[in-house]
Amino acid sequence: MSAPAGYTPYHPRWYRRRVSVWWWLESRSYAGFVLRELTSIFVAFFALVLLWQVRSLAQGPEAYSRFLARLQTPLFLALNGVALLFLLFHSVTWFNLAPTAMVVRLRGKRVPDLVIAGANYAAWVVLSAAVAAILLRG
Amino acid sequence: MARPITPFLWLLFSAGGTVAALLFPVHLFLTGLAFPLGWLPAPGHERLHALVEHPVARLYLFVLISLPLFHWAHRFRYTLYDGLQLKHLTALIAVLCYGAAFIGSALAAYTLWSIS
Amino acid sequence: MPPTVSLAVARYRPEEESEPSVQTYEVPFRKDWVVLDALNYIKDKLDGSLSFRWSCRMGVCGSCGMTVNGQPRLTCASFLSAEPPGPIRVEPLRYFPVVRDLVVDITDFLTKLKKVKPWIVRQEEKPLAEGEYLQTPDQLDAYKQFSMCINCLLCYSACPIYGLEPTFIGPAAIALAQRYNQDSRDEGSAQRLEILSHHDGMWQCTFVGECTKACPKHVDPAGAIQQYKLTSATHWFKTLLPWGGR
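Here is a short report on the structure shown in this document. Here the structure is a predicted model, which means the values were calculated and not measured.

### Some remarks on the overall build of chain B
Counting its regular elements, chain B contains four helices and zero strands. Along chain B, from the amino end to the carboxyl end, the secondary structure elements read α-α-α-α. Here the C-alpha atoms of chain B give a radius of gyration of 17 Å, more than 25% beyond the 13 Å that 2.2 N^0.38 yields for 116 residues. For chain B, the proportion of its 116 residues judged to be buried stands at 41%. Sequence separation of 24 or more characterises 74% of the internal contacts of chain B that already satisfy a separation of 6 or more.

Next up, the structure:
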């Protein structure tokens, strides 16, 4: 813990326990939270892969073939596999938490959480299908 | 008091998180696993190049790359700050994270703009 | 021999020791007893020196918050029979300075609560002659959940951010700010937004969500905070536009 909070009066005999740097291992909930936050690393990883793909695309067919070959190496297949797991974890936690942040009121009544989350999942399916259709078409 | 920028950074974080949540899994599955492993037929360079020539496709790809980078920047900055208790480095961490996201976005913008 | 259960209770006597210690007591195991009953048994029959706070013993005053087997709980709502077998650990509320035994100092929270102006703020008071403020059930619904807060501070004890960053204003204070922001009679949103937009206001929160899990009155402070972030961000966006009001 850093310097004592400005608002708590300094009292020499009050006991203040220092928060350990391993605080996030103290409970399953905390560990789950940190795992969720770490998904952002894999989000950045794939954003960079996309950037790499776009740059290879721009540089011509040979560069693009080299990009595709690189993605077939065991290293990248493993990285992408792990990344997919973390990204799925990100998506699920994101959509499940969306109703807490997005409160929609229809005719004065709050729309149930399940409907908001459901709408998010539905959008996920529809958009994924659209992207797949565009990329797989002939 | 100068107008705080945190609400804006949080909006970027939220937008980036939503883009990543909705679109990254399918893109990663196809580009990172299904196509390299031959589970599904991969589009060739010609077809993809033709797709990217559309201004809408270029805008889509820009958003797809830059917003998730800012999502990472905001989230990772707080993870370092809270998780590793690196209070004294808070300004440096912020500059490095948002700076990296900005550079990535700028590179994406430049590449997408100049595709012939 | 009637069944008993052991309580491993944290003790801290500042005049004798510089660090807390643990003392174990055997108390009768009654199916209808809560941890508070066990603590009162200890104080009455075993060790009168044990210090702890309690009042209503029915979950409305918010006085008896402590850490039971590692979780922030109201001791008047934690049944002995609901805990796993073995000694039950009772410690003071985490992340607050310990004054003595199980008593913590909550001045920090009280200062922060005052900062968010937890009262109806009006530009002009409505004169008595004009009668009461009228509110529809839907308008009440907009803030009722947040008004259930009993200031028990279990949410602060559950929040790792509060533990790491003692200047963080904290879940209950922000939820109570929202309780007034969402109240149709209130006109103080702008003032509260000003205060909570500071670095140790709502933006410290990283939506861990533990506060909502710990809350015994289902206030959902995490929800209040995320909704507030959205309102704050939309407001910020509007001030960018040339016609956006400030």
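### Concerning the packing of helix α1 (residues 6–34) of chain B against helix α3 (residues 55–83) of chain B
Residues and elements named next belong to chain B. Remark: α1 packs on α3, axes separated minimally by 7 Å, with the N-to-C direction vectors making an angle of 120 degrees. Taken together, α1 and α3 sit at an angle that is classed as oblique. For the crossing formed where α1 meets α3, the hand is left-handed. Every residue of α3 that contacts α1 at Leu9, Leu12, Phe13, Ala15, Gly16, Gly17, Val19, Ala20, Leu23 and Phe24 is listed here: Val63, Leu64, Leu67, Pro68, Phe70, His71, His74 and Arg75.

### Some words on unusual backbone geometry
Residue and element names in this part refer to chain C. Look at Asn69: it is not a glycine, yet its phi comes out positive at around 50 degrees. Tracing the chain through its elements places Asn69 in the loop between β3 (65–68) and β4 (71–74). A positive phi angle is found at Asp220, which is not glycine, with a value near 60 degrees.

### Topic: the sheet that holds β4 of chain C
Within a sheet, adjacent strands bond to each other through the backbone by hydrogen bonds, running parallel or antiparallel. All names here are of chain C. Here five strands make up an open sheet; going across it, the order is β2-β1-β5-β3-β4 and the pairing mixed. At either end of the open sheet lies a strand with only one pairing partner, and these are β2 (21–28) and β4. Looking at each pair of strands side by side, their axes are set apart by 35 degrees on average, direction ignored. Of the pairings in the sheet, the one linking β3 to strand β5 (residues 88–91) comprises two bridges and is antiparallel in character. By the bridge assignment for β5, Val68 is matched with Val90. Here helix α1 (residues 35–46) sits on the sheet in contact with β1 (4–11), β2, β3 and β5, set at roughly 95 degrees to β2.

### Brief notes about the packing of helix α1 (residues 28–59) of chain A against helix α2 (residues 61–71) of chain A
Residues and elements named next belong to chain A. Following both chains from N to C, one finds α1 and α2 inclined at 150 degrees, their axes separated by 6 Å at the closest point. On the basis of their axis angle, the class for α1 and α2 is roughly antiparallel. Relative to α2, the crossing made by α1 is left-handed. Counting all contacts with α1, which are made through Trp52, Gln53, Ser56, Leu57 and Gln59, the residues of α2 involved are Ala63, Tyr64, Arg66 and Phe67. In the contact of α1 with α2, the residues fall into five nonpolar, three polar and one charged.

### A word on the interface of chain A and chain B
Listed by partner, the interface residues are 43 residues for chain A and 43 residues for chain B. Those elements giving two or more residues to the side of chain A that touches chain B turn out to be α1, α2, α3 (74–101) and α4 (113–136) of chain A. Considering each element in turn, the side of chain A that touches chain B owes the most residues, 17 residues, to α1 of chain A. Broken down by class, the residue content of the side of chain A that touches chain B amounts to 32 nonpolar, nine polar and two charged.

### Some details on the nonpolar core
Counting residues in hydrophobic clusters, the biggest one holds 63 residues, and the most contacted among them are Leu153, Cys155 and Ile174 of chain C. The leading source of residues in this core is helix α6 (residues 171–181) of chain C, at seven residues. For this core, the two domains that each supply at least three residues are domain 1 (4–104) and domain 2 (107–240) of chain C. In this view, Ile174 of chain C contacts Ile169, Leu196, Met202, Pro221, Ala224, Ile225 and Tyr228 of chain C; residues no more than four positions away in its chain are not counted. One finds Val49 of chain A together with Val26, Leu30 and Ala73 of chain B within the second-largest nonpolar core, a separate group that totals 43 residues.

### Some remarks on the interface of chain B and chain C
Across the boundary between the two partners, chain B contributes ten residues, which contact ten residues of chain C. Broken down by element, the side of chain B that touches chain C gets its largest block of residues, five residues, from α1 of chain B.

### Details of the environment of Tyr12 of chain C
By the secondary structure assignment, Tyr12 of chain C is in the loop between β1 and β2. Overall, the presence of 22 C-beta atoms within 10 Å leaves Tyr12 of chain C in the buried class. Note: C-alpha distance between Tyr12 of chain C and Val103 of chain C (91 residues apart in sequence) is 9.3 Å. The residues touching Tyr12 of chain C, leaving out its near neighbours within four places in the chain, are Tyr15 of chain A together with Glu17, Pro20, Val98, Arg100 and Asp101 of chain C.

### Let's talk about α1 of chain A
In an α-helix, one turn spans 3.6 residues, which is why side chains three or four residues apart end up on the same side. For α1 of chain A, built from 32 residues, the straight-helix expectation of 46 Å at 1.5 Å per residue is met to within 8% by its first-to-last C-alpha distance of 47 Å. Just past α1 of chain A, the residue Gly60 of chain A takes up positive phi, approximately 115 degrees.

### Things to note about helix α9 (residues 221–240) of chain C
Here α9 of chain C spans 29 Å end to end across 20 residues, near enough to the 28 Å set by a 1.5 Å rise per residue. Of all the positions in α9 of chain C, only Pro221, Ala222, Gly223, Ala224, Ile225, Gln226, Gln227, Tyr228, Lys229, Ser232 and Trp236 of chain C are classed as buried. On its buried face, α9 of chain C sits against α3 of chain A, α1 of chain B together with α4 (154–158), α6, α7 (189–196) and α8 (210–214) of chain C.

### Remarks on the pairing of β5 of chain C
For β1 of chain C and β5 of chain C, the ladder comprises three bridges, and the chain directions are parallel. Looking at β5 of chain C, one finds that Ala8 of chain C is bridged to Arg89 of chain C.

### Quick word on the environment of Arg75 of chain B
Its location among the elements puts Arg75 of chain B in helix α3. When the 24 C-beta atoms within 10 Å are taken as the criterion, Arg75 of chain B is described as buried. In the structure, Arg75 of chain B is positioned 58 residues away from Gly17 of chain B in sequence and 9.6 Å away in space, judged by C-alpha atoms. Dropping the residues within four chain positions of it, Arg75 of chain B is found in contact with Glu37 and Ser40 of chain A together with Phe13 of chain B.

Parameters at a glance
Residues numbered from 1 in each chain as written. Chains lettered and ligands numbered in written order. Predicted model: local features only at pLDDT ≥ 70, side-chain atom pairs only at ≥ 80, totals over all residues. Helix = DSSP H or I, 4+ residues; strand = E, 2+ residues; numbered from the N terminus. Rg over C-alpha atoms; globule rule 2.2 N^0.38 Å. Buried ≥ 20, exposed ≤ 12 C-beta atoms within 10 Å, placed from the backbone. Contact = placed C-beta atoms within 7 Å. Axes fitted to C-alpha atoms, helices over the stretch in contact; angles between N-to-C directions. Parallel < 35°, antiparallel > 145°, perpendicular 65-115°, else oblique. Left-handed = near helix turned anticlockwise from the far one by under 90°. Pairing = 2+ DSSP bridges. Nonpolar A, V, L, I, M, F, W, Y, C, P; charged D, E, K, R; others polar. Core = buried A, V, L, I, M, F, W, Y, C linked by C-beta atoms within 7 Å. Domains from an automatic or database assignment. Expected span 1.5 Å × (residues − 1).

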